[in-house]
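Residues per chain, in single letters:
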Amino acid sequence: MRKTKEPGAAPTATRFDAPDYSLPVSHGQAANDFALAHHYYTLRRYDAARPYLECVLAIGGDNDTRSTALYELAVLEQTEGKREAAEQHLREAIRLAPHIAGYQRALATLLRAPT
């Protein structure tokens, strides 16, 4: 039996406010989560980006993806005044991807900033 919509009913929209991990996730899911996290991050919607960034770190993935997620999470933490957590995530990002000089600059800037 096919469901039909009431005439004049408002269209419904799907929102991606938080990840749903009731099913097993894969590295493909990590890529999707990273894309959503990065999208929200670039819009400066840090509250929406955080759960996706944390999931990328929990799932895994390649070092460049994980290091970018760590860097973006560190930026969020800096804006929240969580300096120690930001430093820890930047150091881990550098360990995973030492070839990305921006992480080292971000750490240096964080360490030079007044507390």
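Residues numbered from 1 in each chain as written. Predicted model: local features only at pLDDT ≥ 70, side-chain atom pairs only at ≥ 80, totals over all residues. Heavy atoms only, no water.

A. Focus on the packing of helix H2 (residues 46-59) against helix H3 (residues 63-79). At a minimum axis distance of 9 Å, the contact between H2 and H3 shows a crossing angle of 140°. Crossing of H2 over H3 shows left-handed handedness. Contacts between H2 and H3 involve Tyr46, Arg50, Leu53, Glu54, Val56 and Leu57 on the former and, on the latter, Thr65, Arg66, Ala69, Leu70, Glu72, Leu73, Val75, Leu76, Glu77 and Thr79. (Axes fitted to C-alpha atoms, helices over the stretch in contact; angles between N-to-C directions. Helix = DSSP H or I, 4+ residues; strand = E, 2+ residues; numbered from the N terminus. Left-handed = near helix turned anticlockwise from the far one by under 90°. Contact = heavy atoms within 4.5 Å.)

B. Seen up close, the environment of Tyr71. Mapped onto the elements of the fold, Tyr71 is located in helix H3. Taking the relative accessible area as the measure of exposure, Tyr71 reaches 25% and is therefore partly exposed. Linking Tyr71 and Gly102, residues 31 residues apart in sequence, is a C-alpha distance of 9.3 Å. Excluding anything up to four places from it in sequence, Tyr71 contacts Tyr41, Leu90, Ala93, Tyr103 and Ala106. (Buried < 20%, exposed > 50% of the residue type's maximum accessible area, 1.4 Å probe, protein only.)

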